[in-house]
Amino acid sequence: MERKKLVIIISIILLLLIGSIYAYMNALGSMWVLNKPDESPYFITTESITIKNIPLPKGTKITYKKRFFWEKYEQEKLLNEDNVTDISFKKGVTIDWGGVPITSIHKFYNSKMKGFSVNADFDKLNNTKKTQFSNLWLRCNDNLGITVENTNDWSFNKKNILDIESCGVNNQRYFKEDKNQQRFLDELYSQLMKIKD
């Protein structure tokens, strides 16, 4: 009887030990995957060009969705414009989007959503150029999610802009039951539509 108990205790200890080692190895593997370098293909502009209807200055980083195994890291030429996922301007450089200096634009991660996020640098916004739109955007001080009709146009084209999907994490169309969030986004969209092109 004593021997049987000993075998059971040793078996439980071995199972716990094996389980712990497996969990530890799994965690290490997850950390490795998380820290894996981004292999997305990108191109750094060598001259001023227009992509997604936006005039881009020299030194802009255009990132693409990876389509082929050989398309990774920096590219020697532009890839297909339909596959652009991000546009990021060189450090210290902004362009005007709706009267606000912006640093980058990112296609929505969710492919079912037609639009992009715009990131502002409010430190570069001149006090004389502030508008009700920029003041509201500054209140949430985060990226602005824009839904559009034509996903190949990321410019400030009010005819293409359907709505403001979000302003940071605290104001989102997803939370329809939160009337304050919806009112804020409605007002933001209304003021966006009043900006002169």
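Each remark here, short or long, concerns the structure printed above.
Below is a summary of the structure that appears in this document.

Thresholds, definitions, all that
Residues numbered from 1 in each chain as written. Predicted model: local features only at pLDDT ≥ 70, side-chain atom pairs only at ≥ 80, totals over all residues. Heavy atoms only, no water. Helix = DSSP H or I, 4+ residues; strand = E, 2+ residues; numbered from the N terminus. Expected span 1.5 Å × (residues − 1). Buried < 20%, exposed > 50% of the residue type's maximum accessible area, 1.4 Å probe, protein only. Contact = heavy atoms within 4.5 Å. Polar contact = N/O pair within 3.5 Å; in protein donor to acceptor, adjacent residues only side chain to side chain. Patch = residues over 30% accessible without salt bridge, like charges linked within 9 Å, V, L, I, M, F, W, Y side chains within 5 Å. Areas by Shrake-Rupley, 256 points an atom, 1.4 Å probe, with all protein chains shown as cover. Salt bridge = Lys/Arg side-chain N within 4 Å of Asp/Glu carboxyl O. Arc of directions from axis to C-beta. Disulfide = S-S within 2.5 Å. Phe/Tyr/Trp six-rings, centres within 6.5 Å; stacked < 30°, edge-to-face > 60°. Lys NZ or Arg CZ within 6 Å of the ring centre and 35° of its normal.

**Notes on helix H3 (residues 179-194)**
Consideration 1: When the terminal C-alpha atoms of H3 are compared, their 23 Å separation across 16 residues agrees well with the 22 Å that a helix rising 1.5 Å per residue should span.
Consideration 2: Within H3, the full set of buried residues consists of Gln181, Gln182, Phe184, Leu185, Leu188, Gln191 and Leu192.
Consideration 3: Buried residues along H3 sit against strand E6 (95-97), helix H2 (132-140), strand E9 (144-148), strand E10 (161-167) and strand E11 (171-172).
Consideration 4: The opening residue of H3, the one whose side-chain oxygen lies 3.2 Å from the backbone nitrogen of Asn180, is Asp178.

**Digging into the side chain of Asn83**
Consideration 1: Along the chain, Asn83 turns up in the loop between strand E4 (61-64) and strand E5 (84-88).
Consideration 2: Residue classification places Asn83 among the buried residues on the basis of a relative accessible area of 11%.
Consideration 3: Look past the residues within four positions of Asn83 in its chain and what remains in contact with it is Thr63, Tyr64, Lys65 and Arg67.

**Section: a nonpolar patch on the surface**
Consideration 1: On the surface, Leu6, Ile10, Leu14, Leu17, Ile18, Ile21, Tyr24 and Met25 cluster together to form a nonpolar patch covering roughly 830 Å² of accessible area.
Consideration 2: Relative to the assigned elements, Leu6 resides in helix H1 (residues 2-34).

**Here we look at H2**
Consideration 1: Taken together, the buried positions of H2 are Phe133, Ser134, Leu136, Trp137 and Cys140. Projection of H2 onto a plane perpendicular to its axis shows the buried side chains occupying an angular sector of 160°, all on one side.
Consideration 2: Positive backbone phi, approximately 45°, marks Asn141, located one or two places after H2.

**Here's the deal with the pattern of salt bridges**
Pairing between side chains becomes possible if they bear opposite charge and their charged atoms approach one another.
Consideration 1: All chains considered together, the criterion is met by two salt bridges.
Consideration 2: Residue Arg173 is joined to Asp163 by a salt bridge in which the shortest nitrogen-to-oxygen separation is 3.0 Å. With a gap of 10 residues between them, Arg173 in the loop between E11 and H3 and Asp163 in strand E10 connect regions that are remote in the sequence.
Consideration 3: Note that Arg173 and Asp186 form a salt bridge whose closest N and O atoms lie 2.9 Å from each other. With Arg173 in the loop between E11 and H3 and Asp186 in helix H3, this residue pair connects regions lying 13 residues apart in the sequence.
Consideration 4: Residue classification places Arg173 among the buried positions, given a relative accessible area of 8%.
Consideration 5: Each of Asp163, Arg173 and Asp186 takes part in one network of salt bridges that share partners.

**Observations regarding the side chain of Ser134**
Consideration 1: Here Ser134 lies in helix H2.
Consideration 2: The exposure class of Ser134 is buried, given its relative accessible area of 1%.
Consideration 3: In contact with Ser134, other than residues within four places in its own chain, are Val100, Phe122 and Leu125.

**Here we look at the environment of Lys90**
Consideration 1: Within the secondary structure, Lys90 is located in the loop between E5 and E6.
Consideration 2: Overall, Lys90 belongs to the partly exposed group, its relative accessible area being 47%.
Consideration 3: Through-space distance from the C-alpha of Lys90 to that of Ile44 is 9.4 Å; in sequence the pair is 46 residues apart.
Consideration 4: Once residues lying within four places of it in the same chain are set aside, the contact partners of Lys90 are Lys58 and Gly59.

**Here's the deal with the state of the cysteines**
Consideration 1: Evaluated as defined, the whole model comprises one disulfide.
Consideration 2: The disulfide partner of Cys140 is Cys167, and the S-S distance across this bridge is 1.7 Å. Separated by 27 residues along the polypeptide, Cys140 in helix H2 and Cys167 in strand E10 bring together distant segments of the chain. Cys167 matches Cys140 in its accessibility class, with the two residues each being buried.

**Considering the packing of aromatic side chains**
Consideration 1: On inspection of all chains with the given rule, the structure shows seven aromatic pairs.
Consideration 2: Here the aromatic rings of Trp97 and Phe116 are separated by 6.3 Å at their centres, their planes lie at 90°, and the arrangement is edge-to-face. Of the two residues, Trp97 is situated in strand E6 and Phe116 in strand E8 (residues 115-120); the sequence distance between them amounts to 19 residues.
Consideration 3: Where Trp97 meets Phe156, the ring centres are 5.0 Å apart and the plane angle is 80°; that geometry is what we call edge-to-face. Here Phe156 lies in the loop between E9 and E10 and Trp97 lies in strand E6, a separation of 59 residues in the sequence.
Consideration 4: Classification of Phe156 by relative accessible area gives buried; the value is 14%.
Consideration 5: Here a set of aromatic residues connected by ring pairs shows up, and it is made of Trp97, Phe116, Phe122, Phe133, Trp137, Trp154 and Phe156.
Consideration 6: The positively charged end of Lys61 is found above the aromatic ring belonging to Tyr42, 4.4 Å away from the centroid.

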